[in-house]
Structure formats: structure tokens, C-alpha cells
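These are the residues of each chain, in order.
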Amino acid sequence: MDLSLLSLQKSDVMTNNTIYSARMKLADMILADANLLPILERLNIRLGFGDTNVKEVCQRYGLSADLFLIICNIYSFETYVPHIDALTKKDIGKILAYLRTSHEYYTKVCFPHLHENIHRMMESCDALNNKIINKFYDDYDNEVNNHFEYEEKVAFPYVESLLAGKRDLASDYNIAQFECNHSNIDEKLNDLKNIIIKYLPDSCSSAMNYEVLSDIFHIEKDLRKHTLIENKLLIPLVSKLEHDE
Amino acid sequence: MNRIKRYKIMLIEPSPLIAAGLTEMMKQTNEFVITHTINDSSGCTEAKIKVASPDIVIIDPIMMNYAERQSVRDCLSISSNTVVIALISGVYDEDVLNSFDGCLNLYDTYPQIVRKLHDAIKAVDKEPHIEHNDLSKRERTILIAIAQGKSNKEIADEFHLSIYTVLTHRKNISHKLGIKSISGLTVYAIMNKMIDMREM
């Protein structure tokens, strides 16, 4: 993150405990922190917005600036803790859309890329290590797919029916159950990172290992933010909605 | 002629009575000699051990800070070929005692103490000096059981441990290796030839 931008917005830091504000030009934010790029893509905000500020861009896309800024803060600042006070029922739908697009990005882009790279990394390695690492990854891949599938087929449709005011009274499913079942999917990625860095024999070391590691670091970070959005935005907002009904 | 080796012992014990007693008792043999005694934990214990380079360290676990839950070796940075014995005057967690090569009890007789010292020396000599990231012997055994797919309950039964102790071991293993998942631990165990792929 560009330090000059940080100092520029000092008053915002002091007052709102956030750094980005709705008055900032979106282009400046992106130039200061490339981590924000995937957010635009996932919210389907197209580039070429000139010097318009965050508020104007959000209005154009029917998005609340509060939600947009919270997501940006999550991606830019590791220690940021989001507050949902400013968010409304309307934002829940946007969050769902955001999460769905991220899932698609993970399952169609990130994980296949990682899979391919792991396969290539292990090609030059002995048969045993090749086999166990590939098996480890395949098991993980299944776990991730099940995780996303549960969210797409059970949790998200539930939230949508709740939003539409069509809560199925026969079902006793609620968001607390989603919270309970919400497993941590980046644990095995961290294990894999350690295995590659510390334990894979050096005869297995090639330029591909660095590619794989940088893939893992990238996915891990993105998943962490993704999980934060689910746990700190979606779940509290939906449980508030359940409560208000 | 098989010349008996003379082992230098450093005793770290806060009670002057116990320290004097053990020192006196060890005078019955030429094999073990207590060359240094420390009775306070003034913080320079680590340095004193380095300087004295004893063959055996006998320490009352009460002298260690367990808040960080490290093994005694890590705590005092004792090299892996020095024998570390606990001198127990209280009740300690099994995990604490597992990090020692042997345990002396206040009520042990002289022959018992000598036998325990010999056992510990033998065990340390036998142990191959391969660094498995400093996993203790017990942790390695448990890691193998985890990799074989055994549940916490099964491991507890097999090694006569409480579930709580098994969980503590698991936590320590994961912490040392940086690997938390069962499948990750299995990969580690196979990679290090601790189990066979067919056992998966």
C-alpha cells in the first residue's frame, strides 16, 4: 500500500477507523493497492471510470459505497475488523453475488492453475513423492469442491429465500448451522506450503516449486479474505435478518 | 581392560537438603560425579550448562518455566547427546516428564538411581541423532499412529494415555512440523519413511 495515500487520508483513519472513503477517486485506490483489482472484477465493475469517486461508481452499479469500502478495507488491511452497522438487507444480495463470483474464480482459475503447476512440479520427482503429493492435492481439491458446493446448494439458497420473504417454515435450517459447518479450507494449503518449503527432498526442487508456492500464497490470502466476508459480514447480517423476522 | 567412563553430572535443584543428599549418595561410586550444583534459577542456567558441558543434567522440573510448554532441551538449549533427567519432588504432567530421558524419584534407593542413570545413558546413545525436527520419541510414535489413520481414542487406548494427552501431543507435533491436517501429517510420515504408503 502506498504510504503517501495513507498520510493523505489521515483524518479518515482517525475518525472512522478506515482508510478508504467514498470521496476518493477509485482509480487512486487501485493504483495504491493492486489487491483491490479482483474486487472490481468480481463486482463486475468495468475499468475506464476516469476520475469518478467511489460513491459515483457505486451508484452507477447499484452498490452501496459502505459495502464496497468494507470489502476494499478487508483486502487492503490485514488487521481491519469490519463493522456491519452501516449495511442493510439490500447488501446481503450483493455479498452473495460477490461470494459466488469468487467461488467461480477459485474453481475455474486458481485451483486448476495450482493443480497444473503441482503436477508439473512433481513430474521431475521420484514416484513415491509424486504419488503422495498428488494424492494429497486431489483429496484437498475434493474437500474444497464439497465446501463450495454446500455453500452454493444449501447456505446461499437459504439466504435467498429468506431475502425473498419465503422462509421454509418446515425446515429448521438457519445460518447458525452454516457457521458451525463452516470449515477452514486454507488449513491444508498451509500444510502443503510447509511440506514444499521444509520437507520435500531437495532432489524435487525446481523452478516449479516457486511457482506452486506463489500460487498457494496468493490463494491462501484470497481465501482468508473470502472467509472473513462470510464470517464477519454474511453470517451476522443474515442472523440479524432471521432475528428481525 | 574395560575402563569405566566417568560421567560428569550437573545438578539443578532448589532444595539444599536434596542436593546435599544426592551429592553424598553419589560419592559411593566413581562412575558418576556431581561436578556442579545450581540451586537458583537466576537465569544464567543455560550459560552455566554450556560452560560446564556435563554428560548428565539432573534437574528438578520445578526450576523450569513451563508457561511456554517447551521441552526441557529447548528451554535450556541442551545438546541432544547430553542426558537430561528429572528429579521429581511433586506431581507433574506426563507431557512434562516425557521430554526427559529419565526420572528420579525422591524415594528411589541408590541402586535404583544408578540403574535409571544407566538406562537413560543407553537410551540416549542408542537414539539415532537424526533431527526429526526435534519430535520426541513419543511424538514420533503418535505421529505414526495418526498417519495410520487411528483416532484419538484408539491412540489413547493403545498407549495408555488420556485423550487430553493425545491432543496435547498432536498439538505439539503440528506446531513443530507446521502441519495440522491428518493427510498432511501422513504425507510427512511417508516422506520420512516412518510409514509405508500401503499403510495409508
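Residues numbered from 1 in each chain as written. Chains lettered and ligands numbered in written order. Predicted model: local features only at pLDDT ≥ 70, side-chain atom pairs only at ≥ 80, totals over all residues.

**Re the overall build of chain B**
The helix and strand tally for chain B stands at nine helices and five strands. Going residue by residue from the N terminus, the α and β elements of chain B occur as β-α-β-α-β-α-β-α-β-α-α-α-α-α. The buried share of chain B, taken over its 200 residues, is 32%. Long-range contacts, defined as pairs at least 24 residues apart, comprise 62% of the intrachain contacts of chain B with a sequence gap of at least 6. (Helix = DSSP H or I, 4+ residues; strand = E, 2+ residues; numbered from the N terminus. Buried ≥ 20, exposed ≤ 12 C-beta atoms within 10 Å, placed from the backbone. Contact = placed C-beta atoms within 7 Å.)

**Quick word on the overall build of chain A**
Scanning chain A from N- to C-terminus turns up eleven helices and zero strands. Taken from N to C terminus, the helices and strands of chain A fall in the order α-α-α-α-α-α-α-α-α-α-α. When contacts within chain A are restricted to residue pairs at least 6 apart in sequence, long-range pairs at least 24 apart make up 72% of them.

**Some words on the pairing of strand β1 (residues 7-12) of chain B**
The two faces of a sheet get side chains in turn, since along a regular strand they alternate between them. All names here are of chain B. Across six bridges, β1 lies against strand β2 (residues 32-38) in parallel orientation. Residue pairing for β2: Tyr7 is matched across the bridge by Phe32. Following the chain from β1 across helix α1 (residues 16-26) to the adjacent parallel β2, one finds a crossover that is right-handed. Examined bridge by bridge, β1 and strand β3 (residues 56-59) share four bridges and lie parallel to one another. Note that in β3 the partner of Leu11 across the bridge is Ile58. (Pairing = 2+ DSSP bridges. Right-handed = clockwise from strand over helix to strand, strands pointing away.)

**Some points on helix α6 (residues 137-147) of chain B**
An α-helical turn contains 3.6 residues, so any two residues separated by three or four positions project in the same direction. Residues and elements named next belong to chain B. When α6 is considered as a whole, its buried residues turn out to be Glu139, Ile142, Leu143, Ala145, Ile146 and Ala147. Taken together, the buried residues of α6 touch α7 (152-158), α8 (163-177) and α9 (182-191). Two residues or fewer past α6, Gly149 is found with a positive phi of approximately 90°.

**Re the interface of chain A and chain B**
The interface of chain A with chain B comprises 13 residues on the first partner and twelve residues on the second. If you list the elements that add at least two residues to the side of chain A that touches chain B, you get α8 (127-163) and α10 (187-199) of chain A. Of the residues forming the side of chain A that touches chain B, the biggest block, seven residues, is contributed by α10(A).

**Considerations on the sheet that holds strand β4 (residues 83-88) of chain B**
Residue and element names in this part refer to chain B. Spatially, β2-β1-β3-β4-β5 is the arrangement adopted by the five strands of the open sheet, whose pairing is parallel. Because the sheet does not close on itself, it has two edges, and the strands there are β2 and β5 (102-105). Across the sheet, the mean angle separating the axes of adjacent strands is 25° when strand polarity is ignored. Sheet strands touched by helix α2 (residues 45-52): β1, β2 and β3. Its angle to β2, the strand with the most contacts, is close to 150°. (Axes fitted to C-alpha atoms, helices over the stretch in contact; angles between N-to-C directions.)

**Details of the environment of Glu230(A)**
Residues and elements named next belong to chain A. Of note, Glu230 is situated in helix α11 (residues 207-244). For Glu230 and Leu99, which are 131 residues apart along the polypeptide, the C-alpha to C-alpha distance reads 8.0 Å. Those residues within four positions of Glu230 in sequence are excluded, and the remaining contacts are Leu99, His182 and Ile235.

**Concerning the packing of α6(B) against α8(B)**
Residue and element names in this part refer to chain B. Axis separation between α6 and α8 bottoms out at 10 Å; the angle between their running directions is 95°. Between α6 and α8, the interaxial angle falls into the category roughly perpendicular. Here Arg138, Glu139, Ile142, Leu143 and Ile146 of α6 lie close against α8, whose contacting residues are Val166, His169, Arg170, Asn172 and Ile173. The residue makeup of the contact of α6 with α8, split by class, is five nonpolar, two polar and three charged. (Parallel < 35°, antiparallel > 145°, perpendicular 65-115°, else oblique. Nonpolar A, V, L, I, M, F, W, Y, C, P; charged D, E, K, R; others polar.)

**Details of the pairing of β4(B)**
Residues and elements named next belong to chain B. Extensive coverage of β4 is indicated by the burial of five of its six residues. Both β3 and β4 contribute to a ladder of four bridges, which runs parallel. If you follow Val57 over to β4, its bridge partner there is Val84. Sheet topology note: the β4/β5 ladder contains four bridges and is parallel. Looking at the pairing, Ile88 lines up with Asn105 of β5.

**Some points on unusual backbone geometry**
Here Asn44(A), not a glycine, exhibits a phi torsion of approximately 60°, which is positive. Among the secondary structure elements, Asn44(A) is positioned in the loop between α4 (37-42) and α5 (54-60).

**Here we look at α8(A)**
Taking 1.5 Å as the rise per residue, α8(A) with 37 residues should run 54 Å; its terminal C-alpha atoms sit 52 Å apart, in good agreement. Along its length, α8(A) shows its largest kink, about 35°, at Glu151(A). Looking only at α8(A), the buried set comprises Ile132(A), Ile133(A), Phe136(A), Tyr137(A), Tyr140(A), Val144(A), Glu151(A), Ala155(A) and Val159(A). Buried positions along α8(A) lie against α7 (89-123), α9 (175-181), α10 and α11 of chain A together with α9 of chain B. Gly165(A) sits one or two residues past α8(A) and shows a positive phi near 70°. (Expected span 1.5 Å × (residues − 1). Bend = angle between axes of the 7 residues up to and from the residue.)

**Quick word on the environment of Ile113(B)**
Residue position: Ile113(B) is located in helix α5 (residues 110-126). Setting aside anything within four residues of it in sequence, one finds Ile113(B) in contact with Leu104(B) and Asp108(B).

**Thoughts on the environment of Leu37(A)**
Residues and elements named next belong to chain A. With respect to the helices and strands, Leu37 occurs in helix α4. For Leu37, a count of 12 C-beta atoms within 10 Å corresponds to the exposed category. Counting along the chain gives ten residues from Leu37 to Leu47, while the straight-line C-alpha distance between them is 10.0 Å.

**Structural notes on the confidence of the model for chain A**
Looking at chain A as a whole, its pLDDT mean stands at 87, while 92% of the residues score no less than 70. With pLDDT under 50 throughout, residues 1-17 of chain A is counted as low confidence; its partners more than four residues away or in other chains account for 14 contacts. (pLDDT = per-residue confidence, 0-100.)

**Digging into the packing of α7(A) against α11(A)**
All names here are of chain A. In contact at an axis separation of 10 Å, α7 and α11 are set at 160° when each is read in the N-to-C sense. Of the possible angle classes, the one that applies to α7 and α11 is roughly antiparallel. Judged by the twist between their axes, the crossing of α7 over α11 is left-handed. Split by residue class, the contact of α7 with α11 holds 17 nonpolar, five polar and six charged. (Left-handed = near helix turned anticlockwise from the far one by under 90°.)

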